[in-house]
Amino acid sequence: MSALAAGVMREALIDVGAIAANVRHLRRLTESEAIAVVKADGYGHGAVRSARAALAGGASRIGVADVAEALALRRAGIEAPLLAWLHAPGAVFDEAAAAGIELGISSFDQLMAAAAASAADRPTRLHLKVETGLGRNGIAPHEQSVVFAEAARLERIGKVRVAGIFSHLSNTSEADDRAALRRFEETLGVAGALGLTPEVRHLAASHAAIALPESRFGCVRLGIAMYGLSPFEERTSAELGLQPAMTLRAAVAAVRRVPAGQGVSYGYLHRTEAETTLALVPLGYADGVPRAASGGGAVRIGGRVFPVAGRVAMDQFVVDVGDHPVSVGDEAVLFGDPTLGAPAVETWADSAATINYEIVTRIGPRVPRREVAR
Ligand SMILES: *Cc1c(COP(=O)(O)O)cnc(C)c1O
């Protein structure tokens, strides 16, 4: 990895080639069409660049949580089918429908709103989302036949097109996911009997796409795995053949030689044991470095890895590097691709009692993203 450019304090390098390669790898592994999930600004990687990279890697559709995210992608020139599945109460879908955005529909009311957004020559395209046990949104089992029948009727009169039927798994255990899978198959049977002919059926996100082949239905929604991170606690990216796409790094902003007994950062959670060198890293919790990782985490400076010394502050934290030679301007890597020597994002997640998803997604707007290709 090249050094930081002069004047750059902190940055997240986004390897778009890695995103494309991950999608290509997962398409081959799952033998399925891929819906690339780029909600929450592409899990912090940038929605537009992530969508473009995923399409280059063979994804054929893009998924996001809400319509505003989908509209932003359309405005940026993404022409692939876009699906948005989380809506405000009472949402009006006129703008989304006019932009050709496909809507995930979780209730009778949403179905009506989608039909109302159709135009004479343009049925609104839908994916009916069904509840199979996650306990979030999705059409409840007892409402499914009513909603499906109405969707079929609206399709016959040209108001909607039911392009897909989908659900989402809890990843609680293989048995729980298999139970949800059976419910999904029953639901597909009901939909077919009522005359629905979806182009795609999709149930699996990254976890099941990799671990539960029967859940693929020829179409999988890829989120975390396409960014090169593992959806499994017990399996690494490398073991899955994935390349982490984000590297978070900063330039050491200050170096200070201090005696034994020096307190470090708010609350003096760390005190130096002997004369040592303290290096200041200009990334803090405003940038998504979790305060809960105070005293933990991992930072690679000059080929060695150190934990955070004391508290993570809003804008910065300190590393106690001992007698290791460190200079102002040296690269400090918080996480990246472990096969290239960077700490794993999971080290930070573990220190903060969270998951890799949350760490990358919360990297803040003050950290410039810079595209790289390996
Ligand atoms: C976020 C999300 C995904 C992607 O999940 P990953 O675990 O990141 O692959 C897929 N489907 C739905 C409905 C989601 O909300």
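The residue numbering used here restarts from 1 in each chain and proceeds along that chain's sequence as written. A pLDDT threshold of at least 70 governs which residues receive local features in this predicted model, and a stricter bar of 80 or more applies before side-chain atom pairs are shown or counted, although totals over entire chains, interfaces and linings include all residues. Hydrogens and waters are ignored; side-chain quantities use all the structure's heavy atoms.

With that out of the way, let us pick up the sheet that holds strand β4 (residues 82-84). Working definition: the strands of a sheet are paired by backbone hydrogen bonds and lie parallel or antiparallel to each other. Being paired, for any two strands, means DSSP has found at least two bridges between them. Runs of E in the DSSP output that reach at least two residues are strands. Runs of H or I that reach at least four are helices, and both are numbered from the N terminus. Read across the sheet, eight strands follow the order β8-β7-β6-β5-β4-β3-β2-β9 without closing on themselves; strand pairing throughout is parallel. Of all strands in the sheet, those bounded by a partner on one side alone are β8 (200-202) and β9 (219-222). On average, adjacent strands in this sheet sit at an angle of 30° to one another, irrespective of strand direction. As judged from the three bridges shared by strand β3 (residues 61-64) and β4, these two strands associate in the parallel manner. Along β4, the bridge assignment pairs V64 with A84. Against the sheet, helix α6 (residues 108-116) contacts β5 (102-105), β6 (124-129) and β7 (160-166), and its axis sits at roughly 160° relative to β5. As a rule, the C-alpha atoms of each element are fitted with a line to give its axis, helices using only the stretch in contact, and angles between N-to-C directions run from 0 to 180 degrees. The contact rule is simple, with two residues in contact once any of their heavy atoms fall within 4.5 Å.

Whether a residue is near a molecule or strand is decided by its heavy atoms; if any one of them lies within 4 Å of it, the residue is near. Around the ligand, the surrounding shell consists of V37, K39, Y43, W85, R136, H168, A205, S206, R221, G223, I224 and Y357. Contact between the ligand and S206: an oxygen atom at 2.5 Å from a side-chain N or O atom of the residue. Note on residue classes: Ala, Val, Leu, Ile, Met, Phe, Trp, Tyr, Cys and Pro are nonpolar, Asp, Glu, Lys and Arg are charged, and everything else, Gly too, is polar. Residue composition of the shell around the ligand, by class: six nonpolar, three polar and three charged. We define a polar contact as two N or O atoms separated by no more than 3.5 Å, with the added condition that, inside protein, one atom must be a possible hydrogen donor and the other a possible acceptor, whereas residues neighbouring each other in sequence contribute only through side-chain atom pairs.

It is worth spelling out the environment of D15 at this point. Here D15 lies in strand β1 (residues 10-15). Through-space distance from the C-alpha of D15 to that of V372 is 4.8 Å; in sequence the pair is 357 residues apart. Within the structure, the side chain of D15 is placed 3.0 Å from the backbone nitrogen of G17, a separation counted as a polar contact.

Spatial ordering of the open sheet is given by β11-β14-β17, a layout of three strands whose pairing is antiparallel. Each having just a single partner strand, β11 (254-258) and β17 (317-322) make up the two edges of the open sheet. Taken over all neighbouring pairs, the strand axes of this sheet differ in orientation by 25° on average, direction set aside. Direction of pairing for strand β14 (residues 276-281) relative to β17: antiparallel, over a ladder of five bridges. Of the residues in β17, the one forming a bridge with L280 is V318.

Glancing now at the pairing of β3. Neither face of β3 is exposed, since R61 and G63 on one face and I62 and V64 on the opposite face are all buried. Pairing of strand β2 (residues 33-37) with β3, which is carried by three bridges, proceeds in the parallel orientation. Each residue of the ladder has a partner; that of A36, found in β3, is I62. Handedness of a crossover: with both strands directed away from the viewer, a clockwise path from the first strand across the helix to the second marks it as right-handed. Read from β3 through helix α4 (residues 67-75) to β4, the crossover connection turns out right-handed. Each residue gets one of three labels from its accessible area relative to the maximum for its type: buried under 20%, exposed over 50%, partly exposed in between, using a 1.4 Å probe on protein chains only.

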